[in-house]
Amino acid sequence: MSFSELINKRQSVRKYLPRPVEKEKILKIIEAVHLAPSACNSQPWKIVIVDEPDLKSEVAKATFSKSVSFNKFIQEAPVIAVLVIEKARLITRIGGTIKNQEYPQYDIGIAAEHFSLQATELGLGTCIVGWFDEKKIQQLLNIPAKRKIGLLITLGYSPEDYKLRKKIRKPIDQIYSFNSYS
């Protein structure tokens, strides 16, 4: 599949089959993340793959509540990847302080996209999730309190009839300009 086909096929999947994801595919996705670029090559992430059913269920429950129910679909995903932000290299931290930027935040976004695109190429669906109870997940997965969880990504097989949605985006001329902000 070409890159254009890949980015058009990738979408947030919110319905999964109860089919397990093969470890070989998970490792191939991790390799894609391993190759993701990052500021000063810091690679400030650690991925915790949660596929043990009872633990995965507890992590999924930490993404919704009675008042915030839009993440209930996460319970269906056979795998949840937890992207933990690790300490960046000293040069990255110094540069971030000088420029008032949080480079590890950008870096995990790139890592998440590599994860999602590789999964799509392998016939898997993903959904990047930013709403969760961080303290609860840290506790469940023994993540040190000094580490921040950046994102969760659901992973699994979507049903064959799961439709590719039309991508609704701003008109393209609203997202760029040449030589000057206008």
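A. Structural context of the packing of aromatic side chains. As enumerated under the stated definition, the model contains three aromatic pairs in all. Aromatic pair F70 and W131: ring centres 5.7 Å apart, planes at 70°, arrangement edge-to-face. Of this pair, F70 sits in the loop between α3 (53-61) and β2 (79-85) while W131 sits in the loop between β3 (125-129) and α6 (134-141), and the two are 61 residues apart along the sequence. F70 sits in the exposed class, given a relative accessible area of 52%.

B. Seen up close, the sheet that holds strand β1 (residues 45-50). With respect to topology, four strands assemble into an open sheet ordered β1-β2-β4-β3, the strand pairing being antiparallel. Only two strands of the sheet have a single neighbouring strand rather than two, namely β1 and β3. For this sheet, the mean angle separating the axes of adjacent strands, direction not counted, is 20°. Summarising the sheet, β3 and strand β4 (residues 148-156) pair through five bridges and their orientation is antiparallel. Counted as the bridge partner of G125 is G156 from β4. The strands touched by α3 within the sheet are β1 and β2, with β2 carrying the most contacts at an inclination of about 65°.

C. Examining the environment of V59 more closely. Within the fold, V59 resides in helix α3. Taking the C-alpha atoms as reference, V59 lies 12 Å from I153; in sequence the two are 94 residues apart. Not counting residues within four places of it along the chain, the set of residues in contact with V59 comprises V50, I80, I137, L140 and L141.

Criteria and cut-off values
- Residues numbered from 1 in each chain as written.
- Predicted model: local features only at pLDDT ≥ 70, side-chain atom pairs only at ≥ 80, totals over all residues.
- Heavy atoms only, no water.
- Phe/Tyr/Trp six-rings, centres within 6.5 Å; stacked < 30°, edge-to-face > 60°.
- Helix = DSSP H or I, 4+ residues; strand = E, 2+ residues; numbered from the N terminus.
- Buried < 20%, exposed > 50% of the residue type's maximum accessible area, 1.4 Å probe, protein only.
- Pairing = 2+ DSSP bridges.
- Axes fitted to C-alpha atoms, helices over the stretch in contact; angles between N-to-C directions.
- Contact = heavy atoms within 4.5 Å.

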